[in-house]
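A look at the structure
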Amino acid sequence: MPDSAIPQTPSNAPAQAGTTWHILGAGSMGMLWATRLARAGLPVTLILRNDDRLQAYKAAQGLTLIEDQDSQQWSISAQTPETEEPIQRLLVTCKAYDAEQAVKKISGRLTPDAELILLQNGLGSQQAVAAQVPHARCIFASSTEGAYRDGDWRVVFAGRGHTWLGDPQQGPAPQWLTALELSGIAHEWSENILSRLWRKLALNCAINPLTVLHDCRNGGLQAHEDEVNTLCAELSALLEHCGQAEAAIDLATEVHRVIQATANNYSSMHQDVSQGRRTEIGYLLGYACTAARNRQFAAAHLHDLHQRLSELLRQRGLPCN
Ligand code: NAP
């Protein structure tokens, strides 16, 4: 389907002045957020890795969002980290293993009242970023939306979902949530975002590594029920030990429900490994194992799983962190 003309100021959206949404990491999630914010008439600027990426973006003339068979291109402004413009609101949509280095490059541009929204999966990267920008407010986010790139500067909105945002320091909900409303980004302010992130991490640890090791779709784990149950029991105990008892409630039940509901899907980790891409293991299973070790909590099955997965990644020439 041909892309429609490049809209600059959508006629159905109110012209909005206000704080620019700087978006660091123009991959699947970055493009999904950028195009929806721009569609609502909000000011958005992409921060691209370097000048080569900026020139490639300029040649493409914008980002394309593919949604419900419809495809529309948006001409969104872009710059490199070296640009001197101050940043007040920054959405970080790099992978967990890139977030800290990427934020470091722009930290000098943050205003004293800057806010960062961290959209990384797992745990560990958010804390590393927050430690690097102690004067900025860091909002953590957890999303069940699904998106993938079907070409350079093109994103397919593959799965509708929800995004929970929250402040680990228990600050109030920010005013700019109305911008998400306006942009049609389904969201909710969470009073306990860490619990939500831990829960998602535990679900991921119980499913994704096993799908890689058994080389199967999620539904293939129905043949390994005992192994899944053993991991769920250990993960639940670990969550409780880490002060995350709420995230442990009925974990095994939800894991089996997810396995059943997504039986035909390959997990994101399976897709990463089969396509030779780096995984976020260090911020998922790796984080769980480190948390167990730091608390002298025995987690033999998690450590064994981590070791087996790391070995497989090494054999494929992929990083284990
Ligand atoms: P992605 O498509 O790989 O996008 C990451 C982007 O970050 C890439 O475009 C990459 O640039 C860019 N980047 C890396 N280092 C950078 C730097 N120093 N400066 C500027 N840009 C930099 O990843 P994603 O799928 O959007 O995932 C982002 C996070 O969201 C992950 O933690 C993921 O687990 C989570 N998440 C994803 C989904 C989903 O459906 N995709 C759903 C929920 C959560 P290049 O293009 O130049 O490499």
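Since this is a predicted model, take the numbers as computed values, not measurements.

**Details of the overall build of the protein**
Looking only at helices and strands, one finds 12 helices and 12 strands in the protein. The C-alpha atoms of the protein give 20 Å as radius of gyration, which agrees with the globular expectation for 321 residues (20 Å, within 12%). By its C-alpha atoms, the protein is 55 × 45 × 35 Å across when sized along the principal axes. Relative to its full complement of 321 residues, the protein shows a buried share of 51%. Sequence separation of at least 24 residues holds for 70% of the intrachain contacts in the protein that already meet a minimum separation of 6.

**Observations regarding the site of the ligand**
In the vicinity of the ligand lie 25 residues, with Ser28, Met29, Arg49, Ala147 and Glu280 positioned nearest. Taking Arg53, its side chain carries an N or O atom lying 3.2 Å from an oxygen atom of the ligand. Here Glu280 contributes a side-chain N or O atom positioned 2.6 Å from an oxygen atom of the ligand. Protein contacts shield 84% of the accessible area of the ligand, which totals 900 Å² for the unbound molecule. Residue assignment for the shell around the ligand shows that the elements contributing at least two residues are helix H1 (28-39), helix H3 (96-106) and strand S9 (146-151).

**Let's talk about the UniProt feature "domain: Ketopantoate reductase C-terminal" (unreviewed entry) in the protein**
Under the present numbering, the feature "domain: Ketopantoate reductase C-terminal" (unreviewed entry) in UniProt falls on residues 192-309. As annotated, residues 192-309 comprises 68% helix and 0% strand, and the C-alpha atoms at either end are separated by 30 Å.

**Quick look at the pairing of strand S4 (residues 70-74)**
Every regular strand shows the same layout, with side chains that alternate between the two sheet faces. Where strand S3 (residues 63-67) meets S4, 5 bridges bridge the pair, whose relative direction is antiparallel. Bridge pairing in S4 places Thr64 opposite Gln73. The turn joining S3 and S4, which pair antiparallel and follow one another in sequence, is formed by 2 residues; a positive phi near 50° is taken by Asp68.

**Quick word on the domain arrangement of the protein**
Many analyses report the size of an interface as the accessible area lost when the parts associate. Each assigned domain of the protein is listed here: domain 1 (5-191) and domain 2 (195-315). Between domain 1 and domain 2, the C-alpha centre-to-centre distance is 28 Å. Opposite the 17 residues of domain 1 that make contact, domain 2 presents 12 residues. Between domain 1 and domain 2 lies a buried interface of about 1,400 Å² when both sides are counted; carbon and sulfur atoms form 59% of it. Taken as a group, Tyr97, Asn121 and Leu123 account for 50% of the area that domain 1 buries against domain 2, more than any other trio of residues on that side.

**Describing the sheet that holds strand S11 (residues 163-166)**
Reading across the sheet, the 8 strands line up as S5-S2-S1-S6-S7-S8-S11-S12 and stay open at both edges, with mixed pairing between neighbours. The open sheet has two edge strands with one neighbour each: strand S5 (77-79) and strand S12 (187-189). Across the sheet, the mean angle from the axis of one strand to that of its neighbour is 25°, orientation sign disregarded. Together, strand S1 (21-24), strand S2 (44-47), strand S6 (87-92), strand S8 (137-143) and S11 form the strand contacts of H1, whose direction differs from that of S1 by roughly 160°.

**A few points about the UniProt feature "domain: Ketopantoate reductase N-terminal" (unreviewed entry) in the protein**
Listed under "domain: Ketopantoate reductase N-terminal" (unreviewed entry) in the UniProt record, and renumbered for this structure, are residues 21-168. Annotated as residues 21-168, this span is 28% helix and 40% strand, and its ends, taken at the C-alpha atoms, are 21 Å apart.

Conventions used here
Residues numbered from 1 in each chain as written. Predicted model: local features only at pLDDT ≥ 70, side-chain atom pairs only at ≥ 80, totals over all residues. Heavy atoms only, no water. Helix = DSSP H or I, 4+ residues; strand = E, 2+ residues; numbered from the N terminus. Rg over C-alpha atoms; globule rule 2.2 N^0.38 Å. Buried < 20%, exposed > 50% of the residue type's maximum accessible area, 1.4 Å probe, protein only. Contact = heavy atoms within 4.5 Å. Near = heavy atom within 4 Å. Polar contact = N/O pair within 3.5 Å; in protein donor to acceptor, adjacent residues only side chain to side chain. Areas by Shrake-Rupley, 256 points an atom, 1.4 Å probe, with all protein chains shown as cover. UniProt positions renumbered as here; feature names shortened; annotations may be inferred. Pairing = 2+ DSSP bridges. Domains from an automatic or database assignment. Buried area = accessible area lost by both parts, 1.4 Å probe. Axes fitted to C-alpha atoms, helices over the stretch in contact; angles between N-to-C directions.

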